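Summary of structural features
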Amino acid sequence: MSTSSSASGEAGGTWAILVAAGSGSRLGSDRPKAFAGLAGRPLLAESLERLDTSEWVDAIVVAAPPGWEEPAILLAEELVASKVAAVVTGGATRAESVRIALAEVPEDALVVLVHDAARPLVDDAVIERLLARLAEGVDGVVPGIAIGDTVKRVERGIVAETIDREALVAVQTPQVFVAERLRAGYSGEVAGATDCASLVERTGGRVAVVAGDPRLVKVTTASDLELVARLVEDEGP
Ligand code: C5P
């Protein structure tokens, strides 16, 4: 399903895809993760409002969990999120949800930003860093955080290798792409892809890394939700 909503749906510019279709089974909530409560409203509200008010984003496509399209549209209306051009039904995996949402992005869009609703605290500072690097001539840019722990590859319970962590980063969203390169990444097999950048890399794209933001915590468990709720409260109204 593709449901047009309040839509300004402007052509060209930067389109955001907000993937919110995960079940969130590890959260232990009676509803999909995007509709779990965060500071008195659905988790989805936080990232949707932030992207809608971002000066860098022109239009938004939301991938909602199956059966939750109407609540997502109502939420966008309540937030007066006027950049929401479409709400689509997400797929079985994150990559499928992105692919479905990408079909709603017009051909003349220049840049596509993809963000996980599970990371509520997206802000303009990180978006600006990503877009500035993209403008320097790469195909995609991701935010990365240095890894503090020692990382080991393990086979059947035994360490096979200790990996040099200096060369590693943990990658977050939002991720930004030249629209045609993201489409090329999604034109083939997407099984197993846990982020968009890996598909762009796989199809020959050059992806750069800029500094991520520790506040872009991904909500997976109830304790992540509590942590993000505290961060939201600290920010105040
Ligand atoms: O499950 P996980 O937290 O890794 O998902 C990352 C993001 O992808 C979340 O915002 C989730 O809602 C989204 N997702 C999706 N469709 C799926 C699975 C995950 O939109 N089938």
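About the thresholds
Along each chain, residues carry numbers from 1 onward, in the same order as the chain's sequence is written. Reporting in this predicted model follows two pLDDT cut-offs: at least 70 for local features of residues, and 80 or more for side-chain atom pairs to be given and counted; totals over whole chains, interfaces and linings ignore these cut-offs and use all residues. To get the side-chain values, take all heavy atoms of the structure and skip hydrogens and water. Accessibility here uses a 1.4 Å probe with only protein chains present; expressed as a share of the type maximum, an area under 20% marks a residue as buried, one over 50% as exposed, and anything in between as partly exposed. In this description a helix means any DSSP run of H or I spanning at least four residues, a strand means any run of E spanning at least two, and both kinds are numbered starting from the N terminus. Only when DSSP finds a minimum of two bridges between them are two strands counted as paired. Neighbouring residues are identified by heavy atoms, a residue being near a molecule or strand if any of them is within 4 Å of it. What qualifies as a polar contact is a pair of N or O atoms within 3.5 Å, subject to a donor-acceptor requirement within protein and to the restriction that residues adjacent in sequence count only when both atoms come from side chains. Accessible areas in this description were obtained via Shrake-Rupley with a 1.4 Å probe; residue shielding takes into account the shown protein chains only. Whether two residues touch is decided by their heavy atoms; if any such pair falls within 4.5 Å, the residues are in contact. The salt bridge criterion pairs a side-chain nitrogen of Lys or Arg with a carboxyl oxygen of Asp or Glu, the two atoms within 4 Å.

Some thoughts on the pairing of strand S8 (residues 140-146)
- Counting buried positions along S8 gives 5 out of 7 residues, so the element sits mostly inside the fold.
- As judged from the 2 bridges shared by S8 and strand S12 (residues 175-178), these two strands associate in the antiparallel manner. Each bridged residue has a counterpart across the sheet, and for Val141 the counterpart in S12 is Val176.
- Across 5 bridges, S8 lies against strand S13 (residues 207-211) in parallel orientation. Residue pairing for S13: Val142 is matched across the bridge by Val209.

Side note on the site of the ligand
- Close to the ligand lie 14 residues; Val19, Lys33, Gly91, Ser97 and Lys218 are nearest.
- A distance of 2.7 Å separates an oxygen atom of the ligand from a polar backbone atom of Val19.
- Within the side chain of Lys33, one N or O atom sits 2.7 Å away from an oxygen atom of the ligand.
- With the chains in place, 85% of the 460 Å² that the ligand exposes on its own is no longer accessible.

Some words on the environment of Ile147
- Topologically, Ile147 is positioned in the loop between S8 and strand S9 (151-155).
- Considering only alpha carbons, one finds Ile147 and Glu180, 33 residues apart in sequence, at a separation of 31 Å.
- Dropping the residues within four chain positions of it, Ile147 is found in contact with Arg165, Leu168, Val169 and Ala170.

Overview of the side chain of Thr220
- Along the chain, the position of Thr220 falls in the loop between S13 and helix H7 (222-235).
- Discounting residues that sit within four places of it in the chain, Thr220 has contacts with Arg26, Leu27 and Lys33.

Considering the pattern of salt bridges
- Enumeration according to the criterion identifies 13 salt bridges in this entry.
- The shortest N-O distance in the salt bridge between Glu49 and Arg41 comes to 2.7 Å.
- Under the relative-accessibility criterion, Arg41 is labelled partly exposed at 25%.
- The residue Glu96 makes a salt bridge to Arg99 at a minimum N-O spacing of 3.6 Å. Highlighted residues: Glu96 and Arg99, both in helix H3 (residues 94-102), separated by 3 residues, approximately one helical turn.
- The class for Arg99 is partly exposed, based on a relative accessible area of 29%.
- Three or more residues are tied together by salt bridges with common partners; here these are Arg41, Glu46, Glu49, Arg50, Arg215 and Glu235.

Structural notes on the environment of Arg202
- Here Arg202 is to be found in helix H6 (residues 196-202).
- Sequence separation between Arg202 and Ala184 is 18 residues, and the spatial gap between their C-alpha atoms is 9.9 Å.
- In terms of polar contacts, Arg202 uses its side chain to reach the backbone carbonyl oxygen of Glu189, at 3.2 Å.

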